[in-house]
Amino acid sequence: MSDDMLIHFSSNSSNQSDQSLPTKIAKLEARMVGKPPAAQQQQHQHQQHATWAALSSTPRSVAAAEDLAQESSSSDSDDDIGGEFLIQANTQKRQKVKEDDNSTVFDRVEVVADGRQNTTETLEAKASDVNRKKHGRGRGNSGSGRGRGSRANEQARSQISSSTVSPSNGQLESSHHKDNKPKEQFLIDNCSSLEEEVTSLRRKVAALEEDLRKSRQNAVDYQNLCHQLEKELKDVKEYEQQMKPRPVWECGGSPATKRTKIISDLLISVSKAERQEARLKIRQESVRLGNVGVIRAGTVISETWEDGQALKDLNAHLRQLLETKEAVERQRKSLKKRQPDKGDGVDVESGVQEEDLVIQDEIYKSRLASIKREEEAILRERERYELEKGRLIREMKRIRDEDGSRFNNFQILNHRYALLNLLGKGGFSEVYKAYDLVEHRYVACKLHGLNAQWSEDKKQSYIRHAIREYNIHKTLVHHHIVRLWDTFEIDQNTFCTVLEYCSGKDLDAVLKATPVLPEREARIIIVQIFQGLIYLNKRAQKIIHYDLKPGNVLFDEFGVAKVTDFGLSKIVEDDVGSQGMELTSQGAGTIVVKHLSVCYVLKVLHLFFSFLAVVECFELSKTPLISSKVDVWSAGILFYQMLFGRRPFGHDQTQERILREDTIIKARKVEFPSRPAVSNEAKDLIRRCLTYNQAERPDVLTLAQDPYLTYSKK
Ligand SMILES: Nc1ncnc2c1ncn2[C@@H]1O[C@H](COP(=O)(O)OP(=O)(O)OP(=O)(O)O)[C@@H](O)[C@H]1O
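Note that the structure is a prediction, hence the values are computed from the model and not measured. (Residues numbered from 1 in each chain as written. Predicted model: local features only at pLDDT ≥ 70, side-chain atom pairs only at ≥ 80, totals over all residues.)

Attention now goes to the overall build of the protein chain. Looking only at helices and strands, the protein chain has 23 helices and 16 strands in total. Residues counted as buried form 26% of the 714 residues belonging to the protein chain. Counting contacts in the protein chain only where the partners sit at least 6 residues apart, residues at least 24 apart contribute 64% of the total. (Helix = DSSP H or I, 4+ residues; strand = E, 2+ residues; numbered from the N terminus. Buried ≥ 20, exposed ≤ 12 C-beta atoms within 10 Å, placed from the backbone. Contact = placed C-beta atoms within 7 Å.)

Written as C-alpha cells, this is what we have:
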C-alpha cells in the first residue's frame with residue numbers, strides 16, 4: 001500500500017467513520033438491485049465526461065477534467081478498500097470542488113478572452129490547483145501526495161493540455177475537434193470577433209468610467225451639502241440650547257437655583273399680567289380714541305386711522321358750537337338792521353325801545369363769548385385727546401411688534417437674562433426689559449437683528465460698526481450715560497447688548513406727551529445732558545456722540561437723564577486741530593452709512609435735518625471738520641424744542657423742502673417766539689449753541705462754564 005493510500009485511508013476513516021455503516025448498507029442494496037459495479041459505472045461516466053468535455057463550455061470541460069482527476073483518486077481509494085464505501089462521500093467532495101473551481105476557471109477564461117493569458121498554462125495550473133485542493137481536503141495538507149493521485153492529475157493535465165481555448169467565446173476546444181474549416185481561417189475569424197469584442201468592451205469601460213466620474217462628482221456634491229446641513233443643524237442646536245429655559249436650576253437643585261427659579265417664575269407671571277393689562281387697556285382706549293381700520297381701493301388694501309367715540313363726540317360738539325355761533329351772529333346782524341332812528345329812539349315797525357336792542361345785542365355778544373370759551377375748551381380737550389391718541393398708536397405699535405417678535409416667549413438669554421416685555425423697536429433692534437438672574441437687577445436687552453437677506457459684506461459692515469460702538473460704549477461709566485453691561489451673540493444673525501435699564505420714558509415720549517416743558521424742567525435736563533457731554537470730552541480719548549436727539553435721552557425711575565446710543569459716535573483723534581477733524585476720517589456717520597442699508601441712510605438724513613442739522617455738515621463744497629461743537633449744536637436744538645415745543649429751523653417742513661430751500665444754510669440767526677416766556681439766560685445759551693459760524697461756536701468744555709449750566713451761587 002502506497003503512502004498515498006495510507007493517507008487516503010486515514011483521512012477517510014477519520015472523516016467518515018461515522019457514516020461508513022449506512023453507506024455500506026446503501027451499496028449492498030445497490031448491488032442487490034443489480035447496479036453495475038462501481039468501477040464499471042465510473043469508467044462509463046469517465047468516457048461520457050471525456051466526450052462531453054471536448055464539446056462543452058470551458059467551465060464544464062475543466063470540471064470534467066477535475067472530475068477525472070477526482071474520480072481517479074476516488075476509484076483508487078474505493079478499489080483499495082475493496083468496494084464502493086467512499087463513492088457517496090467522494091461524489092459530494094467532487095461537487096464541492098467543482099462548484100469552487102468553476103467560478104475560478106470561468107474568470108480565467110474571461111481573462112484569456114482578453115487575449116492576455118496563456119490559456120493552456122492557466123488550465124494546467126488550474127488542474128494542479130484543483131488537485132492541490134483535493135489533496136488538502138481529502139488528505140489534510142500533505143504535500144507529498146503523489147502516486148495514484150498524481151497519476152490521475154497528470155492524466156487530467158494531459159487531457160486539458162490537449163485542449164485549446166477558443167479566445168472568442170472562452171470555450172475550450174478539443175484538439176480532436178472535427179472542423180471542416182482550415183485552422184488559419186478559424187483563427188482569423190476568431191481574431192476579428194475578438195477585436196470587435198475588445199472594442200465593445202473598451203466602449204463599455206469608457207462609459208463606465210464616465211459613470212464613475214459622475215458618481216464621484218455627485219458624491220463630492222452630496223458631501224458638501226452634508227457638511228453644510230451639519231453646520232446648520234449645529235447652529236440650530238446651539239440656538240435651541242441657548243433658548244432653553246432656565247438651565248441654571250436644571251443643572252442642580254441648590255437653594256440658590258431654586259430661588260432663581262422662583263424669582264424668574266414670578267417675573268414671568270407679572271409680565272404676563274402686564275401684557276394682558278396692556279392689551280385690555282388698548283381695547284378700552286381704542287373705543288374712546290380710535291382704531292386702525294382697513295380701507296380697500298380696488299385691489300389696494302391700506303390701513304387708516306378711524307377716530308373713536310370721544311373724538312367723534314368732541315368734533316360733533318365743536319360743529320354744533322359753530323352752528324350756534326353762526327346762528328347767534330346772524331341774529332346779531334339782523335338786530336343791527338333793526339336799529340331805530342337816532343331821533344325818537346323807537347323802532348317804528350315793532351315799537352321796540354333802543355335800550356332793548358342794546359340789551360339784546362349784549363345777550364348775543366355774551367353768548368358768542370361763551371361759545372368761544374366752550375370752543376377753546378373743546379379744542380384743548382381735543383389736543384389732549386390727540387396726544388392720548390398718539391400714545392395709543394405707539395402702544396398699539398409696541399404690542400404689535402411684541403406679538404411679532406421671536407423673543408416674546410420669556411426666553412432666558414445666555415443662561416442669565418430673563419426676557420420680559422418689549423420696551424420698543426428701533427430701526428435695527430428690539431429692546432426688551434429683562435432681569436439679570438446673576439446680578440439681580442433689571443436690564444434692557446437690545447437685540448440687534450441682521451437682515452438674513454443682507455450680503456455677507458453688509459453684515460460684516462454692520463457688525464464692525466456695532467463692535468466699534470460697543471467698544472466705545474463699554475468704557476463709559478458716568479451717572480448721565482447709560483451703562484453698557486454686556487454683549488453676546490445669540491445666533492449668526494442676532495446679537496444682544498445688555499444696557500442699564502431706564503424705567504422712565506425717553507425724552508421723545510416726554511415731549512410728545514408734553515410738547516412744552518417749563519423752563520425749570522428743561523434746564524435741569526439740558527444740564528444733565530451737558531454733564532454727560534463734559535465727561536465725554538474730559539476723557540483721555542474724547543468722544544463726539546454725534547446723535548443727540550430726544551429719543552437718545554432716557555430717564556431712570558428717579559428722573560435722572562442719561563444719554564444713550566453711541567452708534568454714530570466718533571473718537572477724536574489725538575492730533576486733531578482746534579477746528580476739529582475731517583468727517584470722513586473715521587468709520588462713523590456718513591461713512592458708516594455708506595455701508596449700511598438705505599433705511600439707515602434715511603435715518604441719518606433725518607438726523608441731519610433735525611438735530612444734527614449742523615451747518616458744517618451741509619457745506620458740501622469741502623470736507624467738513626467736526627468736533628464736540630457738533631454735539632453743542634444738537635444740544636441747543638434740543639433745549640429750544642423743550643422750551644418752545646418746536647424746532648428752531650425747518651420745523652414742520654419736509655426734508656425735501658429743507659433741502660430745496662436751503663433752510664439749514666440760511667439758519668444764521670435763531671428767532672424766539674414771544675410765548676412761552678423764557679429767561680434771557682436760556683435764550684443766550686441757545687444762541688451760543690446755535691452759532692452759525694463753527695469757528696465762533698464754543699465747544700463742550702467752553703460752554704460748560706456758562707453760568708446757566710452750572711447752578712453756582714453768585
Ligand atoms: N436702556 C434702556 N432702558 C429702557 N428703555 C430703553 C433703553 N434703551 C432703549 N430703550 C427703549 O427702547 C425703544 C427702542 O430703542 P432703540 O434705541 O432701539 O430705538 P430708537 O433709538 O428709537 O431707534 P434707532 O436706534 O433705530 O434710532 C425706545 O423706546 C427706547 O426708549
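A separate point is the nonpolar core. Counting 67 residues, the largest nonpolar core has Y417, L419, A434, C445, I529, A635 and F639 as its most contacted members. Of the residues forming this core, the biggest block, 11 residues, is contributed by helix α19 (residues 629-644). Split by domain, this core shows at least three residues from each of two domains, domain 2 (405-501) and domain 3 (515-576 + 594-713). For A434, the residues in contact, after removing those within four places along its chain, are Y417, A418, L419, L420, V443, A444 and C445. (Core = buried A, V, L, I, M, F, W, Y, C linked by C-beta atoms within 7 Å. Domains from an automatic or database assignment.)

Okay, helix α10 (residues 255-289) next. In this model, α10 (35 residues) spans 49 Å end to end at C-alpha, consistent with the 51 Å of a helix rising 1.5 Å per residue. For α10, the set of buried residues is T260, S264 and L289. Two residues or fewer past α10, G290 is found with a positive phi of approximately 135°. (Expected span 1.5 Å × (residues − 1).)

Let us look at the UniProt feature "coiled-coil region" (unreviewed entry) in the protein chain. The feature "coiled-coil region" (unreviewed entry), as annotated in UniProt, sits at residues 184-242, 311-338 and 368-402 in this numbering. Between the end C-alpha atoms of residues 368-402 there is a gap of 50 Å, over a span that is 100% helix and 0% strand. (UniProt positions renumbered as here; feature names shortened; annotations may be inferred.)

The next subject is the UniProt feature "binding site: ATP" (unreviewed entry) in the protein chain. Here, UniProt's "binding site: ATP" (unreviewed entry) annotation points to K446. Counting through the fold element by element, K446 comes out in strand β8 (residues 441-449). According to the C-beta neighbour criterion, K446 is buried, with 22 such atoms within 10 Å. With sequence-adjacent residues up to four places away left out, K446 is seen in contact with S429, V431, C496, T497 and L499.

A separate point is the site of the ligand. In the vicinity of the ligand lie 21 residues, with G424, G426, G427, V431 and A444 positioned nearest. Ranked by residues supplied to the shell around the ligand, first place goes to strand β6 (residues 417-425) with three residues. Counting contributing residues, the shell around the ligand receives three or more from each of domain 2 (405-501) and domain 3 (515-576 + 594-713). (Near = placed C-beta within 6 Å.)

Attention now moves to the sheet that holds strand β9 (residues 484-491). One key point about sheets: their strands pair by backbone hydrogen bonds, in either a parallel or an antiparallel sense. Sheet architecture is open: six strands sit in the order β5-β6-β7-β8-β10-β9, paired in antiparallel fashion. The open sheet has two edge strands, β5 (412-413) and β9, and neither has a second partner. Bridge count between β9 and strand β10 (residues 494-500): six bridges; the pairing is antiparallel. In the sheet register, D491 faces β10, and the bridge partner there is T494. α10 rests against β6 and β7 (429-436) of the sheet, and its axis sits at about 25° to β6. (Pairing = 2+ DSSP bridges. Axes fitted to C-alpha atoms, helices over the stretch in contact; angles between N-to-C directions.)

Our focus in this paragraph is the confidence of the model for the protein chain. The pLDDT averaged across the protein chain works out to 73; a share of 61% of its residues lies at or above 70. pLDDT under 50 marks residues 1-19. Its contacts with residues more than four places away, or in other chains, come to 24 contacts. This model gives residues 96-178 a pLDDT under 50, and the stretch forms 131 contacts once residues within four places in sequence are excluded. Among the scores for the predicted complex, ipTM is 0.97 and pTM is 0.59. (pLDDT = per-residue confidence, 0-100.)

A word on the packing of helix α15 (residues 519-538) against α19. Running from N to C, α15 and α19 point in directions that differ by 165°, and their axes come no closer than 9 Å. As judged from the angle between their axes, α15 and α19 are roughly antiparallel. Crossing handedness for the pair α15 and α19: right-handed. Facing α15, whose interface residues are E519, A522, I525, I526, I529, F530 and L533, α19 presents D631, A635, L638, F639, M642 and L643. (Parallel < 35°, antiparallel > 145°, perpendicular 65-115°, else oblique. Left-handed = near helix turned anticlockwise from the far one by under 90°.)

Another point: the environment of A561. One can find A561 in strand β13 (residues 561-563). Each C-alpha atom, one on A561 and one on I481, is 8.1 Å from the other, the two residues being 80 residues apart in sequence.

Turning to the pairing of strand β3 (residues 290-297), a few remarks are in order. When β3 meets strand β4 (residues 300-307), the two strands line up antiparallel, connected through eight bridges. Within β4, the position partnered with V294 by the bridge is E303. Hairpin remark: β3 followed by β4, antiparallel, with two residues in the connecting loop; positive phi at G298, about 65°.

For the rest of this paragraph, the subject is the environment of K365. By secondary structure assignment, the location of K365 is in helix α12 (residues 354-404). Look at K365 and you get exposed, because 12 C-beta atoms sit within 10 Å. Once the C-alpha coordinates of K365 and V328 are considered, the two residues, 37 residues apart in sequence, prove to be 8.4 Å apart.

With respect to the element layout, P673 can be found in the loop between α20 (655-660) and α21 (680-689). With 12 C-beta atoms counted inside 10 Å, the residue P673 sits in the exposed group.

Moving on to the packing of α19 against α21. Put simply, α19 and α21 touch, their axes get as near as 8 Å, and they point 145° apart. For the pair α19 and α21, the crossing hand works out as left-handed. Across the interface between the two elements, V632, W633, A635, G636, F639, Y640 and L643 of α19 pack against A682, L685, I686 and C689 of α21. Considered class by class, the residues forming the contact of α19 with α21 number 10 nonpolar, one polar and no charged. (Nonpolar A, V, L, I, M, F, W, Y, C, P; charged D, E, K, R; others polar.)

This part is about unusual backbone geometry. Geometrically, the link from R675 to P676 is a cis peptide bond, its omega value of -5° lying close to zero. Phi at H415 takes a positive value of approximately 60°, unusual for a residue other than glycine. Topologically, H415 is positioned in the loop between β5 and β6.

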